[in-house]
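Architecture at a glance
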Amino acid sequence: MNGLTDPGLAMYVAAAVTLVVWLGIFAYLLKIDRQAKALRQALQERQANPANQTSNAPIRPERVSPERKETSNV
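Residues numbered from 1 in each chain as written. Predicted model: local features only at pLDDT ≥ 70, side-chain atom pairs only at ≥ 80, totals over all residues. Heavy atoms only, no water.

Naming follows an unreviewed UniProt entry, where the chain appears as CcmD family protein of Herpetosiphon gulosus.

For the chain, the count of helices and strands is one helix and zero strands. For the chain, the accessible area works out to roughly 7,200 Å², and carbon and sulfur atoms hold 60% of it. (Helix = DSSP H or I, 4+ residues; strand = E, 2+ residues; numbered from the N terminus. Areas by Shrake-Rupley, 256 points an atom, 1.4 Å probe, with all protein chains shown as cover.)

Where nonpolar side chains cluster on the molecular surface, the patch consists of Leu9, Met11, Tyr12, Val13, Val17, Val21, Trp22, Ile25, Tyr28, Leu29 and Ile32 and spans about 1,100 Å² of accessible area. For Met11, the position within the fold is in helix α1 (residues 7–48). Note on Met11: relative accessible area 53%, which makes it exposed. (Patch = residues over 30% accessible without salt bridge, like charges linked within 9 Å, V, L, I, M, F, W, Y side chains within 5 Å. Salt bridge = Lys/Arg side-chain N within 4 Å of Asp/Glu carboxyl O. Buried < 20%, exposed > 50% of the residue type's maximum accessible area, 1.4 Å probe, protein only.)

Printed below as a string of C-alpha cells:
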C-alpha cells in the first residue's frame, strides 16, 4: 500500500492535522486575550485620569486613509 491509503499512516496524519488546528485555535485565543487585556488597561487608565484626556479622544488612534488626509497650503 502507498501513502495515505495505509490505515496506520492515515490515522497519524489525521491526528497531526487535528493537533495543528487545535494549536492554531489556542494561539488565536491567546492573541485575542492579550489584545483585550491591553484595551482593558487603557480603558482603566483613561477612566482613572479623565483630566489628561480630551472628552472624545479614541483609545487608539484611528487610521487615516490617504484621501482623508488634510494638507495645509501654508
